[in-house]
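The residues making up each chain are set out below.
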Amino acid sequence: MKCRVCGRKAAVEVRRQGQAFCPEHYLEWFEHQVERAIRRHRMLRKSDRVLVAVSGGKDSIALWEVLRRLGYATTGLHLQLGIGGYSQRALEATRRYAGERGLPLIVVDLREAYRLSIPELAELTRRRTCSVCGLTKRYVINRVAVEEGFDAVATGHNLDDEASVLLGNVLHWQTDALVRQGPVLPAKEKLAKRVKPLYLLTEREILAYTLLRRLPYQHEECPFSVGAKSLLYKEALNRIEAQSPGTKQAFLEQYLKRIEPVLQAGLPAGEVALKACERCGYPTTGEVCAFCKTWDQAYRWARKKRILPGESVFAPEPALRFAPERPN
Ligand code: SF4
Ligand SMILES: [Zn+2]
Ligand SMILES: [Zn+2]
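Everything quoted here is computed from the prediction, not taken from an experiment.

Caption draft 1: How the structure looks around the overall build of the chain. Scanning the chain from terminus to terminus reveals twelve helices and ten strands. For 328 residues, the compact-globule formula gives about 20 Å, and the C-alpha radius of gyration of the chain, at 21 Å, lands near that figure. Dimensions of the chain along its principal axes, counting C-alpha atoms only, are 70 × 50 × 40 Å. Residues classed as buried in the chain amount to 35% of the 328 residues present.

Listed below in structure tokens is the structure:
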């Protein structure tokens, strides 16, 4: 195959669009796709301070690289989850990327900030690891963004992630989640704006980008991702995509264009009112937010099991400052 721009030998094929590119024009195409998505959905303004949630995997590292190249003022945020060697290696990859480019990086170690790791939190509350991990990440990322005055949080969700979440939500008719499935979630009182600039690029395309740009990233998957439902949905969508290229993109784009607005319009007037959590003051629909409830419960068991001293009380305010390792 030949590059559609210069006619030289192609290195990457984008099957869903029937196109192929040489390395140079692939990088150009990829960055242009991200720039277009940002413009089309008014995700970011050039003056914005952007907090990039960086796990150390290829998606978040590629996202940080593109935003940096597009000229945004970015700071990385990496959460140390305490998942053994996996978390250690994730931090090393993230630090290496940020260090080589002189970019500011905030690292929040959950054990230092809240005294328990994610596996401990899951065990003490007897809940699925990904469930307590997901809610903790969302909370802490938002808290850092609000407290440090960032204009938006950018995450590396890609087309495969978004299409598989959509499939899961459709299979279970999760209407609440369906109306929140867009590439931009606007800011509200104490809720930072959230954007997904890679939402129309596939895992394969992102991998090609990180390899061609020679970006350091963590190759291994989190040990708790094995057997996740989202992987099953991704596999199912990949099988359909192999027979019918473009299906994944059309599934997500057509949903966002044609179905989501109808669902939104059908919502009862006024969204579910958000109140301030009695414990931490951050938005919630109940009296106490899910983060405070979960961590409170974990602390109760940690005291009983003597993992934490008897007088330990959960405090939503973290025991550390959210300072970058290299200031802006
Ligand atoms: S796979 Fe689950 S436990 Fe691992 S980082 Fe993702 S949400 Fe957390
Ligand atoms: Zn070319
Ligand atoms: Zn709370």
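Caption draft 2: Inspection of the site of ligand 1 at higher detail. In the neighbourhood of ligand 1, the contacting residues comprise T129, C130, C133, G134, C222, F224 and S225. Its residues assigned to classes, the shell around ligand 1 comprises four nonpolar, three polar and no charged.

Caption draft 3: Molecular detail of the environment of Y217. Within the secondary structure layout, Y217 lies in the loop between helix 9 (203-212) and helix 10 (229-243). It is 29 Å that separates the C-alpha atoms of Y217 and K2, two residues lying 215 residues apart in sequence. For Y217, the contacting residues outside a window of four places in its chain are G56, G57, K58, I61, A93 and T210.

Caption draft 4: Quick look at the sheet that holds strand 5 (residues 105-109). Strands sit in the order 5-4-3-6-8-7 across an open sheet of six strands; the sheet is mixed. Single-partner strands in this sheet number two, and they are strand 5 and strand 7 (184-185). The sheet contact formed by strand 7 and strand 8 (residues 193-195) spans two bridges and is antiparallel. Bridging from a neighbouring strand, V184 pairs with V195 of strand 8. Sitting on the sheet, helix 6 (residues 129-147) touches strand 3 (49-53), strand 4 (73-80), strand 5 and strand 6 (152-154), and the angle it makes with strand 4 is about 145°.

Caption draft 5: Examining the nonpolar core more closely. Counting residues in hydrophobic clusters, the biggest one holds 81 residues, and the most contacted among them are V50, V52 and V153. Ranked by the residues each element gives to this core, the list is headed by helix 6, at seven residues. Apart from the residues lying within four places of it in its own chain, the contact partners of V50 are L44, L67, Y72, A73, T74, F150, D151, A152 and A154.

Caption draft 6: Quick peek at the packing of helix 5 (residues 118-125) against helix 6. The N-to-C vectors of helix 5 and helix 6 enclose an angle of 120°; their axes lie 9 Å apart at closest approach. The angle between helix 5 and helix 6 places the two elements in the oblique class. Crossing hand, helix 5 versus helix 6: right-handed. Residues I118, P119, L121, A122 and T125 of helix 5 lie in contact with helix 6, whose contacting residues are T129, V132, C133 and T136. Taken together, the residues that form the contact of helix 5 with helix 6 break down as six nonpolar, three polar and no charged.

Caption draft 7: Main features of helix 5. Along helix 5, the positions that sit buried rather than exposed are I118, L121, A122 and L124. Buried residues along helix 5 sit against helix 4 (110-114), helix 6 and helix 12 (290-304). Trailing helix 5 by a residue or two, R126 shows a phi angle of about 55°, which is positive.

Caption draft 8: Quick look at unusual backbone geometry. Its identity as a non-glycine residue notwithstanding, R42 has a phi of 45°, on the positive side. Looking at the element boundaries, R42 is found in the loop between helix 1 (23-40) and strand 3. Here R42 falls in the exposed class, since 10 other C-beta atoms lie within 10 Å of it. The phi dihedral of R214 is positive, around 55°, even though this residue is not glycine. Secondary-structure assignment places R214 in the loop between helix 9 and helix 10. Since 6 C-beta atoms lie within 10 Å of it, R214 is described here as exposed.

Caption draft 9: Quick peek at the packing of helix 2 (residues 58-69) against helix 9. Two elements in contact, helix 2 and helix 9, have axes separated by 9 Å at closest approach and are oriented at 60°. When the axes of helix 2 and helix 9 are compared, the crossing they make is left-handed. Residues K58, D59, I61 and A62 of helix 2 touch helix 9, and the partners they reach there are I206, L207, Y209 and T210. Among the residues forming the contact of helix 2 with helix 9, the class breakdown is five nonpolar, one polar and two charged.

Caption draft 10: Quick look at helix 11 (residues 247-265). Counted at 1.5 Å a residue, the expected span for helix 11 with its 19 residues is 27 Å, and the 26 Å between its end C-alpha atoms agrees. The largest bend along helix 11 reaches roughly 45° and is located at L256.

Caption draft 11: How the structure looks around the pairing of strand 3. Among the five residues that make up strand 3, four are buried, leaving the element largely enclosed by the rest of the structure. For strand 3 and strand 4, the ladder comprises five bridges, and the chain directions are parallel. Its bridge partner lying in strand 4, V52 is registered against G76. Traced from strand 3 through helix 2 to strand 4, the parallel crossover comes out right-handed. Bridging between strand 3 and strand 6 involves three bridges; their strand directions are parallel. Bridged to V52 within strand 6 is A154.

Basis of the calculations
- Residues numbered from 1 in each chain as written.
- Chains lettered and ligands numbered in written order.
- Predicted model: local features only at pLDDT ≥ 70, side-chain atom pairs only at ≥ 80, totals over all residues.
- Helix = DSSP H or I, 4+ residues; strand = E, 2+ residues; numbered from the N terminus.
- Rg over C-alpha atoms; globule rule 2.2 N^0.38 Å.
- Buried ≥ 20, exposed ≤ 12 C-beta atoms within 10 Å, placed from the backbone.
- Near = placed C-beta within 6 Å.
- Nonpolar A, V, L, I, M, F, W, Y, C, P; charged D, E, K, R; others polar.
- Contact = placed C-beta atoms within 7 Å.
- Pairing = 2+ DSSP bridges.
- Axes fitted to C-alpha atoms, helices over the stretch in contact; angles between N-to-C directions.
- Core = buried A, V, L, I, M, F, W, Y, C linked by C-beta atoms within 7 Å.
- Parallel < 35°, antiparallel > 145°, perpendicular 65-115°, else oblique.
- Left-handed = near helix turned anticlockwise from the far one by under 90°.
- Expected span 1.5 Å × (residues − 1).
- Bend = angle between axes of the 7 residues up to and from the residue.
- Right-handed = clockwise from strand over helix to strand, strands pointing away.

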